[in-house]
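Examination of the molecular architecture
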Amino acid sequence: MPVLPGAEPYRHEGGEVGVLLCHGFTGSPQSLRPWARYLAERGLTVALPLLPGHGTRWEDMQLTGWQDWYAEVDRELHALRERCAQVFVLGLSMGGTLTLRLAAKHGDGVSGIVVVNPSNKVHGLSAYALPVLRHLVPTAKGLTSDIKKEGGVEVGYDRVPLHAAHSLRNFCRLVDGELPQVTQPMLLLRSPEDHVVPPADSARILSRVSSTDVTEILLEQSYHVATLDNDAERIFEESYAFIARLAPGVGTETTGAGQVGQQEGTATGG
């Protein structure tokens, strides 16, 4: 099945500091591509995979679950650890949930994490009906493009496959129990006005992780997909500063934008 334009994965070979970026539920790498390019242009080795079942059509996602999505980012993390001296994991929404589990499971193998509007729970009364509802109704209304910036568009599905949503619900409950195992430095950025993930999710995460080096930043001018919104540049800058503080050698191997573009073309062409 052809990948939607813009939803292709992105990779860039940079220096000894690696970054893994995880996109959100029903979304695609498009929502994180500007962030990935920003970090690549500053010399980092970057991996932004396309999660299984995403970036094509919602019917494909209906056949996948959290085990598939997690296995993909886990593989990418292992590959980065073989290549890089330090690896950081960054994620948006469900990508933040994946990030938290990677941190919980890999310990010192992850040097720090950055999460943007991370999800901790599937909300609403319909969430409780998912175990039954998913067998009666295949999809619900989509969640993409919650962006305040005029003209902002997220490449993803306009429908939510309910089998996948049920798996996400189970995954959130699993990760919630693992949060005390998260000990790495953490930067959490959240939008006070978010129509997909409520502030309670970030508050719950902050209250349960064991990290002692924690920074929380409010994104006042953005909705859920803040990486494509008015605060995008701040996210990019704050995350790079966070990584540079924990990996002092970062940025010593800078890469020109032209080379990054060439790498991207190679990575997304197949």
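Residues numbered from 1 in each chain as written. Predicted model: local features only at pLDDT ≥ 70, side-chain atom pairs only at ≥ 80, totals over all residues. Heavy atoms only, no water.

As recorded by an unreviewed UniProt entry, the protein carries the name Alpha/beta fold hydrolase and is attributed to Streptomyces acidicola.

Time to look at the pairing of strand E2 (residues 17-22). Extensive coverage of E2 is indicated by the burial of six of its six residues. Judged by which residues are buried, E2 turns out to be covered on both faces: Val 17, Val 19 and Leu 21 on one side and Gly 18, Leu 20 and Cys 22 on the other are all buried. Sheet topology note: the E2/strand E4 (residues 86-92) ladder contains six bridges and is parallel. Its bridge partner being in E4, Leu 21 is matched across the sheet by Leu 90. Here three bridges tie E2 to strand E3 (residues 45-48), and the two strands are oriented parallel to one another. Pairing of Gly 18 across the sheet is with Thr 45, part of E3. The β-α-β motif built from E2, the intervening helix H1 (residues 33-40) and the parallel element E3 has right-handed crossover chirality. (Buried < 20%, exposed > 50% of the residue type's maximum accessible area, 1.4 Å probe, protein only. Helix = DSSP H or I, 4+ residues; strand = E, 2+ residues; numbered from the N terminus. Pairing = 2+ DSSP bridges. Right-handed = clockwise from strand over helix to strand, strands pointing away.)

Turning our attention to the packing of helix H3 (residues 66-83) against helix H6 (residues 162-178). At a minimum axis separation of 9 Å, H3 and H6 run at an interaxial angle of 65 degrees. Touching Trp 66, Gln 67 and Trp 69 of H3 are Ala 164, Ser 167, Leu 168, Phe 171 and Leu 174, all from H6. (Axes fitted to C-alpha atoms, helices over the stretch in contact; angles between N-to-C directions. Contact = heavy atoms within 4.5 Å.)

Once that is clear, we can look at helix H7 (residues 199-208). Along an α-helix, residues three or four apart share an orientation, since each turn contains 3.6 residues. Turning to H7, its buried residues are Asp 201, Ser 202 and Ile 205. Down the axis of H7, the sector holding all buried residues measures 95 degrees, keeping them to one side. Along its buried surface, H7 packs onto helix H4 (94-106) and strand E8 (186-190). (Arc of directions from axis to C-beta.)

The next subject is the packing of aromatic side chains. Summed over all chains, the structure comprises five aromatic pairs. Consider the rings of Phe 25 and Trp 69, whose centres lie 5.8 Å apart with planes at 70 degrees: the pair is edge-to-face. Highlighted residues: Phe 25 in the loop between E2 and H1 and Trp 69 in helix H3, separated in sequence by 44 residues. Each member of the pair, Phe 25 as well as Trp 69, carries the same accessibility label: buried. Aromatic side chains Trp 35 and Phe 236 sit 6.5 Å apart centroid to centroid with 20 degrees between the ring planes, which places their arrangement in the stacked category. Pair noted here: Trp 35 is in helix H1 and Phe 236 is in helix H8 (residues 232-246), with a separation of 201 residues, a long-range link. The class of Trp 35 is buried, set by a relative accessible area of 0%. A relative accessible area of 4% places Phe 236 in the buried class. (Phe/Tyr/Trp six-rings, centres within 6.5 Å; stacked < 30°, edge-to-face > 60°.)

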